[in-house]
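Structural overview
Single-letter residue listing:
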Amino acid sequence: MKLKAVVIDGELRVVHQSGVQFDAELPEFRTQGGVHIHTDRLTVTSPVLMWVKALDLLLDKMKRAGLDFSRVRALSGSGQQHGSVFWRRGASETLKHLDPDQDLHQLLQDSFSVSDSPVWMDSSSTQQCEDLQAAAGGALRLAEITGSRAYERFTGNQIAKLRQTRAEEFQDTEVRASLHLHSSGMNLLDIRTRNWSEICLQATAPHLDQLLGAPLPSTSVLGPVSSYFVHRYGFSESCSVVAFTGDNPASLAGMRLQPGDVAVSLGTSDTVFLWLQQPRPALEGHVFCNPVEQQEYMALLCFKNGSLTRERVRNECAGASWELFSAALRDTPLGNHGNIGFYFETMEITPPVIGVHRFDSADCEVSSLSPQVEVRAVVEGQFLSRRLHAERLGYSIIPGTRVLATGGASSNKEILQVLSDVFNAPVYTIDLSDSTCLGSAYRALHGLVAESGASFVDVVKKAPEPRLVATPHPKAKEVRRPLYDDALLASEAEPCSRSLRQELHETCPHNHRNTFCSPAETNTSVSGDTLR
(Lines give C-alpha, C1' and ligand atoms only; values in the text may rest on other atoms or scores of the structure.)
Protein backbone atom coordinates (compact mmCIF):
# COMPACT_ATOMS: atom_id res chain seq x y z
CA MET A 1 0.00 0.00 0.00
CA LYS A 2 1.14 3.51 -0.71
CA LEU A 3 0.30 7.18 -0.95
CA LYS A 4 0.27 8.39 -4.57
CA ALA A 5 -0.07 11.65 -6.47
CA VAL A 6 -0.81 12.46 -10.12
CA VAL A 7 -0.59 15.88 -11.75
CA ILE A 8 -2.41 16.62 -15.02
CA ASP A 9 -2.26 19.63 -17.34
CA GLY A 10 -5.07 21.47 -19.10
CA GLU A 11 -5.11 18.85 -21.86
CA LEU A 12 -5.64 16.13 -19.23
CA ARG A 13 -2.20 14.67 -19.85
CA VAL A 14 -0.34 13.22 -16.88
CA VAL A 15 2.74 15.41 -16.36
CA HIS A 16 3.95 14.05 -13.02
CA GLN A 17 3.36 11.11 -10.72
CA SER A 18 4.99 10.07 -7.47
CA GLY A 19 4.38 7.58 -4.67
CA VAL A 20 5.51 6.53 -1.22
CA GLN A 21 5.46 2.84 -0.24
CA PHE A 22 4.45 2.56 3.41
CA ASP A 23 6.33 -0.64 4.29
CA ALA A 24 9.52 0.07 2.34
CA GLU A 25 9.93 3.81 2.86
CA LEU A 26 8.52 4.12 6.37
CA PRO A 27 9.90 0.98 8.05
CA GLU A 28 9.88 2.58 11.50
CA PHE A 29 6.11 2.02 11.66
CA ARG A 30 6.58 -1.77 11.23
CA THR A 31 3.55 -2.32 9.01
CA GLN A 32 2.91 -5.21 6.64
CA GLY A 33 0.89 -4.18 3.64
CA GLY A 34 0.52 -0.79 5.31
CA VAL A 35 -1.38 -2.18 8.30
CA HIS A 36 -1.05 -3.78 11.71
CA ILE A 37 -3.07 -6.97 12.20
CA HIS A 38 -3.76 -7.31 15.93
CA THR A 39 -3.62 -10.53 17.92
CA ASP A 40 -7.39 -11.06 17.78
CA ARG A 41 -7.04 -11.25 13.93
CA LEU A 42 -10.13 -9.02 13.73
CA THR A 43 -8.69 -5.61 14.54
CA VAL A 44 -6.67 -4.10 11.68
CA THR A 45 -5.25 -0.58 11.93
CA SER A 46 -2.75 1.81 10.37
CA PRO A 47 -0.68 4.42 12.26
CA VAL A 48 -2.11 7.86 11.52
CA LEU A 49 1.30 9.49 11.72
CA MET A 50 2.55 7.07 9.05
CA TRP A 51 0.00 8.56 6.67
CA VAL A 52 1.03 12.09 7.67
CA LYS A 53 4.74 11.35 7.28
CA ALA A 54 4.03 9.76 3.90
CA LEU A 55 2.50 13.08 2.82
CA ASP A 56 5.69 14.85 3.91
CA LEU A 57 7.82 12.43 1.88
CA LEU A 58 5.53 12.60 -1.14
CA LEU A 59 5.55 16.40 -1.35
CA ASP A 60 9.33 16.45 -0.83
CA LYS A 61 9.76 13.97 -3.68
CA MET A 62 7.61 16.08 -5.97
CA LYS A 63 9.57 19.22 -5.07
CA ARG A 64 12.92 17.51 -5.71
CA ALA A 65 11.61 16.29 -9.06
CA GLY A 66 11.15 19.92 -10.07
CA LEU A 67 7.35 20.19 -9.95
CA ASP A 68 6.34 23.85 -9.96
CA PHE A 69 3.63 23.89 -7.28
CA SER A 70 2.83 27.54 -8.06
CA ARG A 71 1.17 26.40 -11.29
CA VAL A 72 -1.26 24.06 -9.52
CA ARG A 73 -4.73 25.65 -9.78
CA ALA A 74 -6.67 23.11 -7.77
CA LEU A 75 -6.18 19.89 -5.87
CA SER A 76 -8.40 17.13 -4.62
CA GLY A 77 -7.87 13.56 -3.52
CA SER A 78 -9.27 10.35 -2.19
CA GLY A 79 -8.90 8.59 1.10
CA GLN A 80 -9.07 4.90 1.87
CA GLN A 81 -12.83 4.39 1.77
CA HIS A 82 -13.13 3.18 5.36
CA GLY A 83 -10.08 4.64 7.08
CA SER A 84 -11.20 6.51 10.22
CA VAL A 85 -9.16 9.44 11.58
CA PHE A 86 -10.00 10.97 14.96
CA TRP A 87 -8.66 14.47 15.68
CA ARG A 88 -7.90 15.44 19.28
CA ARG A 89 -9.51 18.51 20.81
CA GLY A 90 -7.44 21.55 19.93
CA ALA A 91 -6.30 20.15 16.56
CA SER A 92 -8.17 22.82 14.63
CA GLU A 93 -6.14 25.50 16.38
CA THR A 94 -2.92 23.61 15.68
CA LEU A 95 -3.81 23.46 11.98
CA LYS A 96 -4.20 27.24 11.88
CA HIS A 97 -0.65 27.85 13.10
CA LEU A 98 1.57 25.34 11.32
CA ASP A 99 5.26 26.27 11.12
CA PRO A 100 6.39 25.81 7.48
CA ASP A 101 9.94 25.11 8.64
CA GLN A 102 8.85 21.82 10.24
CA ASP A 103 7.48 18.57 8.85
CA LEU A 104 3.76 17.88 9.25
CA HIS A 105 4.33 14.64 11.15
CA GLN A 106 6.28 16.59 13.79
CA LEU A 107 3.70 19.35 14.03
CA LEU A 108 0.75 16.95 14.29
CA GLN A 109 2.21 14.22 16.47
CA ASP A 110 -0.08 15.13 19.40
CA SER A 111 -3.15 16.01 17.31
CA PHE A 112 -4.93 12.65 17.12
CA SER A 113 -7.07 11.12 19.85
CA VAL A 114 -6.61 7.68 18.29
CA SER A 115 -3.08 6.93 17.11
CA ASP A 116 -3.93 3.79 15.11
CA SER A 117 -6.85 4.18 12.72
CA PRO A 118 -9.16 1.25 11.88
CA VAL A 119 -9.04 0.51 8.16
CA TRP A 120 -11.02 -1.38 5.53
CA MET A 121 -9.72 -4.79 6.66
CA ASP A 122 -11.02 -4.37 10.21
CA SER A 123 -13.85 -6.68 11.27
CA SER A 124 -13.92 -6.06 15.02
CA SER A 125 -17.18 -4.11 15.32
CA THR A 126 -19.73 -6.91 14.79
CA GLN A 127 -21.72 -6.00 17.91
CA GLN A 128 -22.01 -2.39 16.80
CA CYS A 129 -23.21 -3.54 13.37
CA GLU A 130 -25.93 -5.64 14.97
CA ASP A 131 -26.97 -2.73 17.17
CA LEU A 132 -27.19 -0.35 14.22
CA GLN A 133 -29.25 -2.75 12.12
CA ALA A 134 -31.62 -3.32 15.02
CA ALA A 135 -32.06 0.43 15.51
CA ALA A 136 -32.73 0.96 11.80
CA GLY A 137 -35.32 -1.83 11.57
CA GLY A 138 -33.18 -4.57 10.07
CA ALA A 139 -30.32 -5.05 7.64
CA LEU A 140 -32.38 -4.37 4.52
CA ARG A 141 -33.92 -1.22 5.98
CA LEU A 142 -30.45 0.06 6.86
CA ALA A 143 -29.33 -0.67 3.28
CA GLU A 144 -32.31 1.28 1.97
CA ILE A 145 -31.28 4.29 4.07
CA THR A 146 -27.48 4.25 3.77
CA GLY A 147 -26.88 2.14 0.65
CA SER A 148 -25.40 -0.84 2.53
CA ARG A 149 -26.23 -3.18 5.36
CA ALA A 150 -23.97 -2.76 8.38
CA TYR A 151 -20.32 -3.59 7.73
CA GLU A 152 -17.65 -3.74 10.41
CA ARG A 153 -15.22 -1.61 8.43
CA PHE A 154 -17.68 1.25 7.90
CA THR A 155 -16.84 4.40 9.82
CA GLY A 156 -20.12 4.70 11.70
CA ASN A 157 -19.65 1.33 13.36
CA GLN A 158 -16.04 2.14 14.18
CA ILE A 159 -17.20 5.37 15.85
CA ALA A 160 -19.74 3.42 17.90
CA LYS A 161 -17.07 0.93 18.94
CA LEU A 162 -14.69 3.72 20.01
CA ARG A 163 -17.43 5.40 22.06
CA GLN A 164 -18.32 2.15 23.82
CA THR A 165 -14.87 0.68 24.41
CA ARG A 166 -12.57 3.72 24.62
CA ALA A 167 -14.79 6.45 25.99
CA GLU A 168 -11.96 8.71 27.10
CA GLU A 169 -10.46 8.90 23.61
CA PHE A 170 -13.89 9.48 22.12
CA GLN A 171 -14.56 12.34 24.51
CA ASP A 172 -11.21 13.84 23.49
CA THR A 173 -12.22 13.91 19.81
CA GLU A 174 -13.12 17.26 18.28
CA VAL A 175 -15.26 18.56 15.48
CA ARG A 176 -12.94 19.79 12.79
CA ALA A 177 -10.76 17.92 10.36
CA SER A 178 -8.47 19.40 7.73
CA LEU A 179 -10.25 17.72 4.82
CA HIS A 180 -13.86 16.76 4.22
CA LEU A 181 -14.24 13.29 2.76
CA HIS A 182 -17.08 11.76 0.79
CA SER A 183 -19.70 10.58 3.28
CA SER A 184 -21.12 7.50 1.56
CA GLY A 185 -19.84 4.17 2.87
CA MET A 186 -20.18 5.12 6.55
CA ASN A 187 -23.59 3.58 7.37
CA LEU A 188 -24.55 7.11 8.47
CA LEU A 189 -25.57 9.09 5.38
CA ASP A 190 -29.10 8.93 3.96
CA ILE A 191 -28.20 8.47 0.30
CA ARG A 192 -31.49 9.92 -0.92
CA THR A 193 -31.52 13.14 1.11
CA ARG A 194 -27.70 13.47 1.02
CA ASN A 195 -27.81 14.29 4.71
CA TRP A 196 -27.06 12.39 7.89
CA SER A 197 -29.68 9.82 8.90
CA GLU A 198 -31.04 10.82 12.31
CA ILE A 199 -31.77 7.16 13.13
CA CYS A 200 -28.20 6.14 12.39
CA LEU A 201 -26.67 9.09 14.21
CA GLN A 202 -28.64 8.38 17.38
CA ALA A 203 -27.72 4.70 17.28
CA THR A 204 -24.02 5.51 16.86
CA ALA A 205 -23.19 8.33 19.29
CA PRO A 206 -24.93 11.32 20.91
CA HIS A 207 -24.49 14.66 19.15
CA LEU A 208 -22.53 12.96 16.38
CA ASP A 209 -23.75 15.45 13.79
CA GLN A 210 -21.80 18.14 15.63
CA LEU A 211 -18.62 16.08 15.39
CA LEU A 212 -19.08 15.28 11.73
CA GLY A 213 -20.24 18.62 10.40
CA ALA A 214 -22.58 18.91 7.42
CA PRO A 215 -22.03 16.69 4.36
CA LEU A 216 -20.92 18.65 1.30
CA PRO A 217 -21.45 18.10 -2.43
CA SER A 218 -18.41 16.45 -3.94
CA THR A 219 -17.77 19.45 -6.22
CA SER A 220 -17.52 21.85 -3.27
CA VAL A 221 -14.49 24.13 -3.15
CA LEU A 222 -13.50 24.14 0.52
CA GLY A 223 -11.25 27.16 0.18
CA PRO A 224 -7.63 27.96 -0.68
CA VAL A 225 -4.77 25.66 0.25
CA SER A 226 -3.28 26.19 3.73
CA SER A 227 -0.60 28.86 4.06
CA TYR A 228 1.68 26.08 5.36
CA PHE A 229 1.84 24.55 1.87
CA VAL A 230 2.19 27.99 0.25
CA HIS A 231 5.30 28.83 2.23
CA ARG A 232 6.86 25.36 2.42
CA TYR A 233 6.28 24.12 -1.14
CA GLY A 234 5.39 27.21 -3.15
CA PHE A 235 1.72 26.58 -3.83
CA SER A 236 -0.19 29.60 -5.08
CA GLU A 237 -2.36 31.32 -2.47
CA SER A 238 -5.24 31.01 -4.94
CA CYS A 239 -4.92 27.20 -5.32
CA SER A 240 -8.35 25.74 -4.54
CA VAL A 241 -8.99 22.65 -2.47
CA VAL A 242 -11.93 20.62 -3.81
CA ALA A 243 -13.70 18.21 -1.43
CA PHE A 244 -11.96 14.85 -1.22
CA THR A 245 -13.82 11.56 -1.72
CA GLY A 246 -13.29 7.83 -1.16
CA ASP A 247 -11.05 5.66 -3.30
CA ASN A 248 -13.89 3.82 -5.03
CA PRO A 249 -15.87 6.94 -6.02
CA ALA A 250 -12.59 8.45 -7.25
CA SER A 251 -12.06 5.37 -9.43
CA LEU A 252 -15.47 5.88 -11.03
CA ALA A 253 -14.39 9.44 -11.89
CA GLY A 254 -11.04 8.19 -13.22
CA MET A 255 -12.74 5.68 -15.49
CA ARG A 256 -15.10 8.43 -16.65
CA LEU A 257 -18.22 6.31 -16.38
CA GLN A 258 -21.40 7.74 -17.90
CA PRO A 259 -25.10 6.98 -17.23
CA GLY A 260 -25.78 3.31 -17.97
CA ASP A 261 -22.11 2.32 -17.99
CA VAL A 262 -20.61 -0.52 -15.99
CA ALA A 263 -16.92 -0.99 -15.25
CA VAL A 264 -15.61 -4.48 -14.54
CA SER A 265 -12.19 -4.85 -12.99
CA LEU A 266 -10.94 -8.38 -13.64
CA GLY A 267 -8.29 -8.99 -11.02
CA THR A 268 -7.53 -11.33 -8.13
CA SER A 269 -10.96 -10.25 -6.99
CA ASP A 270 -13.45 -8.96 -9.55
CA THR A 271 -15.00 -5.55 -8.86
CA VAL A 272 -18.01 -4.05 -10.61
CA PHE A 273 -18.66 -0.28 -10.66
CA LEU A 274 -22.05 0.94 -11.80
CA TRP A 275 -23.55 4.32 -12.66
CA LEU A 276 -27.12 4.17 -11.32
CA GLN A 277 -30.07 6.50 -11.74
CA GLN A 278 -32.67 4.56 -9.74
CA PRO A 279 -30.84 2.47 -7.12
CA ARG A 280 -32.32 -0.47 -5.25
CA PRO A 281 -30.05 -1.11 -2.26
CA ALA A 282 -29.78 -4.79 -1.30
CA LEU A 283 -28.15 -6.96 1.35
CA GLU A 284 -25.15 -7.50 -0.91
CA GLY A 285 -23.26 -4.70 -2.61
CA HIS A 286 -23.05 -0.98 -1.90
CA VAL A 287 -24.81 2.09 -3.23
CA PHE A 288 -23.03 5.44 -2.87
CA CYS A 289 -23.81 8.98 -3.92
CA ASN A 290 -22.34 9.60 -7.34
CA PRO A 291 -19.12 11.65 -7.01
CA VAL A 292 -19.50 13.49 -10.34
CA GLU A 293 -23.29 13.90 -10.71
CA GLN A 294 -25.04 15.12 -7.58
CA GLN A 295 -28.50 13.69 -8.26
CA GLU A 296 -27.40 10.22 -9.29
CA TYR A 297 -25.71 7.20 -7.70
CA MET A 298 -22.99 4.66 -8.10
CA ALA A 299 -22.80 1.08 -6.90
CA LEU A 300 -19.94 -1.21 -6.02
CA LEU A 301 -19.92 -5.00 -6.01
CA CYS A 302 -16.95 -7.11 -4.94
CA PHE A 303 -16.46 -10.77 -5.91
CA LYS A 304 -13.61 -12.60 -4.20
CA ASN A 305 -13.53 -15.52 -6.65
CA GLY A 306 -12.03 -13.79 -9.67
CA SER A 307 -8.82 -14.45 -11.57
CA LEU A 308 -7.51 -17.10 -9.17
CA THR A 309 -10.58 -19.21 -9.93
CA ARG A 310 -10.15 -18.69 -13.67
CA GLU A 311 -6.48 -19.63 -13.32
CA ARG A 312 -7.30 -22.83 -11.45
CA VAL A 313 -9.68 -23.91 -14.24
CA ARG A 314 -7.03 -22.92 -16.81
CA ASN A 315 -4.46 -25.11 -15.06
CA GLU A 316 -6.78 -28.12 -14.80
CA CYS A 317 -8.62 -27.87 -18.11
CA ALA A 318 -6.28 -26.01 -20.47
CA GLY A 319 -2.81 -27.24 -19.60
CA ALA A 320 -2.01 -24.07 -17.65
CA SER A 321 -2.11 -22.20 -20.99
CA TRP A 322 -4.11 -19.03 -21.58
CA GLU A 323 -3.88 -19.75 -25.31
CA LEU A 324 -5.64 -23.10 -24.85
CA PHE A 325 -8.10 -21.48 -22.42
CA SER A 326 -8.97 -18.89 -25.09
CA ALA A 327 -9.26 -21.60 -27.74
CA ALA A 328 -11.78 -23.44 -25.54
CA LEU A 329 -13.90 -20.27 -25.35
CA ARG A 330 -13.72 -19.91 -29.15
CA ASP A 331 -14.61 -23.55 -29.76
CA THR A 332 -17.63 -23.73 -27.44
CA PRO A 333 -20.93 -22.04 -28.32
CA LEU A 334 -22.52 -19.11 -26.59
CA GLY A 335 -24.73 -20.61 -23.88
CA ASN A 336 -22.50 -23.69 -23.55
CA HIS A 337 -25.33 -26.02 -24.64
CA GLY A 338 -27.07 -25.24 -21.34
CA ASN A 339 -24.16 -26.27 -19.11
CA ILE A 340 -23.39 -23.82 -16.34
CA GLY A 341 -21.23 -23.65 -13.22
CA PHE A 342 -20.93 -21.62 -10.02
CA TYR A 343 -17.40 -21.52 -8.68
CA PHE A 344 -17.07 -20.23 -5.11
CA GLU A 345 -13.75 -21.84 -4.19
CA THR A 346 -13.18 -19.50 -1.25
CA MET A 347 -15.87 -17.84 0.84
CA GLU A 348 -17.49 -15.39 -1.55
CA ILE A 349 -18.43 -11.81 -0.69
CA THR A 350 -21.34 -11.49 -3.13
CA PRO A 351 -23.16 -13.62 -2.05
CA PRO A 352 -21.48 -15.00 1.11
CA VAL A 353 -21.23 -18.66 0.06
CA ILE A 354 -18.65 -21.36 -0.66
CA GLY A 355 -18.66 -24.38 -2.95
CA VAL A 356 -18.36 -25.41 -6.62
CA HIS A 357 -21.56 -26.51 -8.37
CA ARG A 358 -21.97 -27.60 -11.98
CA PHE A 359 -25.23 -28.22 -13.85
CA ASP A 360 -25.77 -29.93 -17.17
CA SER A 361 -28.30 -29.05 -19.86
CA ALA A 362 -30.98 -31.03 -18.01
CA ASP A 363 -30.49 -28.88 -14.90
CA CYS A 364 -28.97 -31.80 -13.01
CA GLU A 365 -25.98 -31.17 -10.76
CA VAL A 366 -22.92 -33.05 -11.99
CA SER A 367 -19.48 -33.62 -10.50
CA SER A 368 -17.56 -32.61 -13.63
CA LEU A 369 -17.80 -31.24 -17.14
CA SER A 370 -15.56 -31.80 -20.14
CA PRO A 371 -12.49 -29.52 -20.11
CA GLN A 372 -13.67 -27.18 -22.86
CA VAL A 373 -17.18 -26.96 -21.42
CA GLU A 374 -15.75 -26.27 -17.96
CA VAL A 375 -13.72 -23.34 -19.29
CA ARG A 376 -16.80 -21.65 -20.70
CA ALA A 377 -18.88 -22.60 -17.67
CA VAL A 378 -16.61 -20.75 -15.25
CA VAL A 379 -16.42 -17.58 -17.35
CA GLU A 380 -20.13 -17.45 -18.23
CA GLY A 381 -21.10 -18.33 -14.65
CA GLN A 382 -18.93 -15.56 -13.21
CA PHE A 383 -20.21 -12.89 -15.57
CA LEU A 384 -23.83 -13.97 -15.15
CA SER A 385 -23.36 -13.53 -11.42
CA ARG A 386 -21.88 -10.06 -11.95
CA ARG A 387 -24.83 -8.96 -14.06
CA LEU A 388 -27.43 -10.54 -11.79
CA HIS A 389 -26.21 -8.72 -8.70
CA ALA A 390 -25.80 -5.48 -10.62
CA GLU A 391 -29.44 -5.62 -11.71
CA ARG A 392 -30.54 -6.28 -8.16
CA LEU A 393 -29.05 -2.91 -7.22
CA GLY A 394 -30.97 -1.14 -9.98
CA TYR A 395 -28.66 -1.46 -12.97
CA SER A 396 -30.23 -1.86 -16.40
CA ILE A 397 -28.98 -1.85 -19.97
CA ILE A 398 -29.93 1.37 -21.76
CA PRO A 399 -29.12 2.66 -25.27
CA GLY A 400 -25.47 3.60 -25.30
CA THR A 401 -24.48 1.34 -22.38
CA ARG A 402 -20.79 0.46 -22.37
CA VAL A 403 -18.88 -2.13 -20.39
CA LEU A 404 -15.42 -0.83 -19.47
CA ALA A 405 -12.98 -3.64 -18.68
CA THR A 406 -9.81 -3.17 -16.65
CA GLY A 407 -7.43 -5.47 -14.80
CA GLY A 408 -5.23 -8.35 -15.89
CA ALA A 409 -7.88 -10.42 -17.69
CA SER A 410 -8.95 -7.41 -19.78
CA SER A 411 -6.13 -8.33 -22.19
CA ASN A 412 -7.87 -11.63 -23.09
CA LYS A 413 -10.11 -11.03 -26.11
CA GLU A 414 -12.11 -14.24 -25.69
CA ILE A 415 -12.93 -13.53 -22.05
CA LEU A 416 -14.08 -10.05 -23.05
CA GLN A 417 -16.28 -11.52 -25.78
CA VAL A 418 -18.11 -13.58 -23.15
CA LEU A 419 -18.44 -10.45 -21.01
CA SER A 420 -19.98 -8.61 -23.97
CA ASP A 421 -22.41 -11.45 -24.69
CA VAL A 422 -23.54 -11.77 -21.07
CA PHE A 423 -24.14 -8.04 -20.63
CA ASN A 424 -25.43 -7.69 -24.21
CA ALA A 425 -23.37 -4.53 -24.58
CA PRO A 426 -20.11 -3.51 -26.27
CA VAL A 427 -16.94 -3.91 -24.21
CA TYR A 428 -14.17 -1.33 -24.17
CA THR A 429 -10.77 -1.45 -22.54
CA ILE A 430 -9.24 1.52 -20.80
CA ASP A 431 -5.54 1.90 -20.10
CA LEU A 432 -5.38 3.19 -16.54
CA SER A 433 -2.41 2.72 -14.27
CA ASP A 434 -4.20 4.48 -11.42
CA SER A 435 -7.84 5.42 -11.90
CA THR A 436 -8.14 6.63 -8.29
CA CYS A 437 -5.46 9.34 -8.56
CA LEU A 438 -6.53 10.30 -12.05
CA GLY A 439 -10.15 10.59 -10.93
CA SER A 440 -9.12 12.90 -8.10
CA ALA A 441 -7.27 15.14 -10.56
CA TYR A 442 -10.29 15.20 -12.88
CA ARG A 443 -12.52 16.11 -9.93
CA ALA A 444 -10.21 18.96 -8.92
CA LEU A 445 -10.59 20.40 -12.41
CA HIS A 446 -14.35 19.90 -12.33
CA GLY A 447 -14.59 21.64 -8.95
CA LEU A 448 -13.14 24.81 -10.47
CA VAL A 449 -15.92 25.10 -13.05
CA ALA A 450 -18.87 23.22 -11.51
CA GLU A 451 -20.55 26.39 -10.25
CA SER A 452 -20.74 27.68 -13.82
CA GLY A 453 -22.83 24.64 -14.74
CA ALA A 454 -20.13 22.66 -16.53
CA SER A 455 -20.71 18.91 -16.31
CA PHE A 456 -18.03 16.39 -15.45
CA VAL A 457 -18.41 14.86 -18.91
CA ASP A 458 -17.64 18.24 -20.48
CA VAL A 459 -14.57 18.68 -18.30
CA VAL A 460 -12.98 15.32 -19.21
CA LYS A 461 -13.93 15.18 -22.91
CA LYS A 462 -10.27 15.67 -23.91
CA ALA A 463 -9.17 12.52 -22.09
CA PRO A 464 -8.21 9.49 -24.24
CA GLU A 465 -11.21 7.44 -25.31
CA PRO A 466 -11.48 3.76 -24.36
CA ARG A 467 -10.90 1.20 -27.13
CA LEU A 468 -13.73 -0.99 -28.46
CA VAL A 469 -12.69 -4.67 -28.22
CA ALA A 470 -15.90 -6.74 -28.34
CA THR A 471 -19.52 -6.47 -29.39
CA PRO A 472 -22.31 -8.87 -28.40
CA HIS A 473 -23.26 -11.74 -30.68
CA PRO A 474 -26.58 -11.06 -32.45
CA LYS A 475 -28.16 -14.03 -30.66
CA ALA A 476 -26.63 -13.26 -27.28
CA LYS A 477 -29.88 -12.12 -25.68
CA GLU A 478 -31.98 -15.15 -26.66
CA VAL A 479 -29.26 -17.66 -25.77
CA ARG A 480 -28.39 -15.93 -22.50
CA ARG A 481 -31.94 -15.83 -21.10
CA PRO A 482 -32.24 -19.50 -20.01
CA LEU A 483 -28.80 -19.39 -18.40
CA TYR A 484 -29.67 -16.11 -16.73
CA ASP A 485 -32.82 -17.64 -15.26
CA ASP A 486 -30.80 -20.53 -13.85
CA ALA A 487 -28.25 -18.12 -12.40
CA LEU A 488 -31.08 -16.10 -10.87
CA LEU A 489 -32.43 -19.19 -9.16
CA ALA A 490 -28.99 -20.26 -8.02
CA SER A 491 -27.76 -16.98 -6.62
CA GLU A 492 -28.70 -17.28 -2.98
CA ALA A 493 -26.06 -19.69 -1.69
CA GLU A 494 -25.17 -23.32 -1.13
CA PRO A 495 -27.20 -25.97 -2.96
CA CYS A 496 -29.74 -28.33 -1.52
CA SER A 497 -29.26 -31.93 -2.60
CA ARG A 498 -32.02 -32.08 -5.19
CA SER A 499 -31.75 -31.22 -8.85
CA LEU A 500 -32.51 -27.74 -10.14
CA ARG A 501 -35.46 -28.88 -12.22
CA GLN A 502 -37.00 -30.76 -9.26
CA GLU A 503 -36.55 -27.76 -7.02
CA LEU A 504 -38.50 -25.55 -9.39
CA HIS A 505 -41.60 -27.50 -8.40
CA GLU A 506 -40.88 -28.47 -4.81
CA THR A 507 -39.58 -26.78 -1.72
CA CYS A 508 -36.25 -27.57 -0.15
CA PRO A 509 -36.04 -28.60 3.54
CA HIS A 510 -35.84 -24.89 4.41
CA ASN A 511 -38.99 -24.08 2.41
CA HIS A 512 -37.15 -22.14 -0.28
CA ARG A 513 -38.49 -22.57 -3.80
CA ASN A 514 -35.04 -22.53 -5.34
CA THR A 515 -31.99 -24.74 -5.54
CA PHE A 516 -29.82 -22.55 -3.38
CA CYS A 517 -30.54 -21.45 0.17
CA SER A 518 -28.63 -19.41 2.66
CA PRO A 519 -26.14 -21.36 4.80
CA ALA A 520 -27.03 -19.11 7.71
CA GLU A 521 -30.78 -19.62 8.14
CA THR A 522 -31.42 -16.15 9.51
CA ASN A 523 -32.92 -13.15 7.75
CA THR A 524 -30.97 -13.32 4.49
CA SER A 525 -32.75 -16.04 2.56
CA VAL A 526 -35.00 -15.12 -0.37
CA SER A 527 -37.65 -17.35 -1.86
CA GLY A 528 -37.60 -18.47 -5.46
CA ASP A 529 -40.90 -16.70 -6.03
CA THR A 530 -39.32 -13.45 -4.88
CA LEU A 531 -36.32 -14.05 -7.12
CA ARG A 532 -38.55 -14.61 -10.10
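Every value quoted in this text rests on a predicted model; they were computed, and no experiment measured them. (Residues numbered from 1 in each chain as written. Predicted model: local features only at pLDDT ≥ 70, side-chain atom pairs only at ≥ 80, totals over all residues. Heavy atoms only, no water.)

**Looking at the confidence of the model for the protein**
- In the predicted model, the protein carries a mean pLDDT of 87, and the fraction of residues at 70 or more is 88%.
- Between residues 176-181, whose pLDDT stays under 50, and residues either more than four places distant or in other chains, the model counts 14 contacts.
- Low pLDDT (under 50) marks residues 491-532, which in the prediction has 92 contacts with non-local residues, meaning those over four places away or in another chain. (pLDDT = per-residue confidence, 0-100. Contact = heavy atoms within 4.5 Å.)

**As for the nonpolar core**
- Ranked by internal contacts, the top residues of the largest apolar core, which has 68 residues, are Leu-274, Phe-325 and Leu-419.
- Residue contributions to this core peak at 8 residues, all from helix 15 (residues 371-392).
- Counting residues in each nonpolar core, the second largest holds 32 residues, with Ala-5, Val-20, Val-72 and Cys-239 among its members. (Core = buried A, V, L, I, M, F, W, Y, C linked by side-chain atoms within 4.5 Å. Buried < 20%, exposed > 50% of the residue type's maximum accessible area, 1.4 Å probe, protein only. Helix = DSSP H or I, 4+ residues; strand = E, 2+ residues; numbered from the N terminus.)

**Considering the packing of aromatic side chains**
- With the rule as written, the count across this model stands at 10 aromatic pairs.
- Residues Phe-69 and Phe-235 carry aromatic rings whose centres are separated by 4.7 Å and whose planes lie at 45° to one another, so their mutual orientation is tilted. Of this pair, Phe-69 sits in the loop between helix 2 (48-64) and strand 5 (74-75) while Phe-235 sits in the loop between helix 11 (227-233) and strand 11 (240-242), and the two are 166 residues apart along the sequence. Across this residue pair, the class does not change: Phe-69 and Phe-235 are buried.
- Put simply, the rings of Phe-69, Tyr-228, Phe-229, Tyr-233 and Phe-235 pair up and form one aromatic cluster. (Phe/Tyr/Trp six-rings, centres within 6.5 Å; stacked < 30°, edge-to-face > 60°.)

**A short note on the side chain of Ser-46**
- Tracing the backbone through its elements, the reader meets Ser-46 in strand 4 (residues 44-47).
- Overall, Ser-46 belongs to the buried group, its relative accessible area being 1%.
- If we skip the residues at most four places from it in the chain, Ser-46 touches Gly-34, Val-35, Trp-51, Ser-115, Asp-116, Ser-117 and Val-119.

**Remarks on the pattern of salt bridges**
- Applying the stated criterion across every chain, the model contains 19 salt bridges.
- Lys-462 is the partner of Glu-11 in a salt bridge, and the nearest nitrogen-oxygen pair spans 3.4 Å. Of this pair, Glu-11 sits in the loop between strand 1 (2-8) and strand 2 (14-21) while Lys-462 is found in the loop between helix 18 (456-459) and strand 22 (467-470), placing the two residues 451 residues apart along the sequence.
- We note a salt bridge from Glu-144 to Arg-141, for which the minimum N-O separation is 3.4 Å. Pair noted here: Glu-144 and Arg-141 are both in helix 6 (residues 139-146), with a separation of 3 residues, about one helical turn.
- By relative accessible area, Arg-141 is classed as partly exposed at 40%.
- Look at the salt bridges and you will find they share partners, linking Asp-270, Arg-310 and Arg-386 into a network. (Salt bridge = Lys/Arg side-chain N within 4 Å of Asp/Glu carboxyl O.)

**Section: the sheet that holds strand 21 (residues 427-429)**
- Read from one edge to the other, the open sheet built from 7 strands follows the order 15-16-14-13-20-21-22, with strand pairing classed as mixed. Looking at which strands have only one partner, the edges of the open sheet turn out to be strand 15 (286-289) and strand 22. Here the average twist between neighbouring strands, direction ignored, is 25°.
- The pairing of strand 14 (residues 270-276) with strand 16 (residues 297-303) spans 7 bridges and is antiparallel. Within strand 16, the position partnered with Trp-275 by the bridge is Met-298. (Pairing = 2+ DSSP bridges. Axes fitted to C-alpha atoms, helices over the stretch in contact; angles between N-to-C directions.)

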